[in-house]
Amino acid sequence: MWIPVVGLPRRLRLSALAGAGRFCILGSEAATRKHLPARNHCGLSDSSPQLWPEPDFRNPPRKASKARLDYKRYVTDRRLAETLAQIYLGKPSRPPHLLLECNPGPGILTQALLEAGAKVVALESDKTFIPHLESLGKNLDGRLRVIHCDFFKLDPRSGGVIKPPAMSSRGLFKNLGIEAVPWTADIPLKVVGMFPSRGEKRALWKLAYDLYSCTSIYKFGRIEVNMFIGEKEFQKLMADPGNPDLYHVLSVIWQLACEIKVLHVELLDQLQQKLYLIQMTPRQNLFTKNLTPMNYNIFFHLLKHCFGRRSAAVIDHLRSLTPLDARDILMQIGKQEDEKVVNMHPQDFKTLFETIERSKDCAYKWLYDETLEDR
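Residues numbered from 1 in each chain as written. Predicted model: local features only at pLDDT ≥ 70, side-chain atom pairs only at ≥ 80, totals over all residues. Heavy atoms only, no water.

Enquirer: So what exactly am I meant to see when it comes to the overall build of the chain here?
Expert: The number of helices and strands found in the chain is twelve helices and ten strands. By the burial criterion, 55% of the 375 residues in the chain qualify as buried. Restricting to contacts in the chain with at least 6 residues of sequence separation, those with at least 24 account for 71%. Here the chain displays about 18200 Å² of accessible surface, and carbon together with sulfur accounts for 50% of that area. (Helix = DSSP H or I, 4+ residues; strand = E, 2+ residues; numbered from the N terminus. Buried < 20%, exposed > 50% of the residue type's maximum accessible area, 1.4 Å probe, protein only. Contact = heavy atoms within 4.5 Å. Areas by Shrake-Rupley, 256 points an atom, 1.4 Å probe, with all protein chains shown as cover.)

Given below as structure tokens:
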């Protein structure tokens, strides 16, 4: 299938060569193609135009920008883009949500979304792509807005002056005319894209802090995030006590926070590595009287402490975390004294935390060192 290349710089033009790749990864060293077997999950044609680098693109300037050092994945297959557009827009009978597309790159998915009737805000961190992306929105009555912004650098926790492509979510949403809605309201908008190939775990932690504190994008409501994620991090994210070697803090945090669905699976290369498209919808009942955006950091500390010695008994951790009677706390949540950390399900950890929080046996419920909050 042929796609017009007018508007893209020469080093990023779409090759007319038919290849098997459905994704492209661009980084500071080279733009590489990822190939798929002849058959794929959707039975779609594997012939697709590819991002094809100029020879000198393999040797960038010595002082490459930090943005160029971050490897990014892009959708490069037209039929895959059309499939994803159908997934993101859902049933035709429902009014479409506003879509924030993260790092659309060459805009193949962007174009498919627009053709399907979506209203898209393209947040692109690489200025090279912006002119071409803007050209896709001509004569569409404002259904596409292109902004130089890196979604994964919204509201950086480091503080200081924010410089593009980093941006304040408050300024971004104000510019877009998006207002905050109550946590119990419907989904106000959707974010779509791919987690950074070399920073999936870091991105998950950043979003987790934002979600539980109701800051950044989650200050505006229960934002639905739809992201492709690598197989390794996906398995950890979905692990439970049945997979003790993979089960960890982020497993608990995200399974409690969101309803997580797998929307699509793609083979990335001939080694059968997979990318999972997951939908993470924040739960309306995440916050309670005893777990709030004001004390979530203590809950995170509890989890980090427990998984720091994952083979230990929960009671041993409680004796280091709270002055309350650890045996009594475990009895209240229906657990034995020898209960292991890796045998506790996500909901068990939430129940444990809330039981301690609502206890009236002691004025101080936690032996808590605030310096450990962000570790």
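Enquirer: I keep staring at the nonpolar core and nothing clicks. Help me out?
Expert: One broad trend across soluble globular proteins is that nonpolar side chains are buried collectively. Residues Phe-151, Tyr-212, Trp-254, Phe-299 and Phe-349 are the most contacted members of the largest nonpolar core, which totals 78 residues. Counting residues in hydrophobic clusters, the runner-up holds 31 residues, among them Val-75, Ala-81, Leu-84 and Leu-140. (Core = buried A, V, L, I, M, F, W, Y, C linked by side-chain atoms within 4.5 Å.)

Enquirer: Where do I start with the pattern of salt bridges in this structure?
Expert: Should the charged atoms of two oppositely charged side chains come close, the side chains can pair. Summed over the entire model, instances satisfying the criterion amount to ten salt bridges. We note a salt bridge from Glu-200 to Arg-73, for which the minimum N-O separation is 3.5 Å. Here Arg-73 lies in strand β3 (residues 72–75) and Glu-200 lies in helix α6 (residues 200–213), a separation of 127 residues in the sequence. For the pair Glu-200 and Arg-73, a shared accessibility class is recorded, and that class is buried. Across the salt bridge formed by Lys-236 and Glu-233, the nearest N and O atoms sit 4.0 Å from each other. Here Lys-236 pairs with Glu-233, and both are found in helix α7 (residues 231–238), just three residues apart, close to one helical turn. Residue classification places Glu-233 among the buried residues on the basis of a relative accessible area of 11%. Three or more residues are tied together by salt bridges with common partners; here these are Arg-78, Glu-82 and Glu-115. (Salt bridge = Lys/Arg side-chain N within 4 Å of Asp/Glu carboxyl O.)

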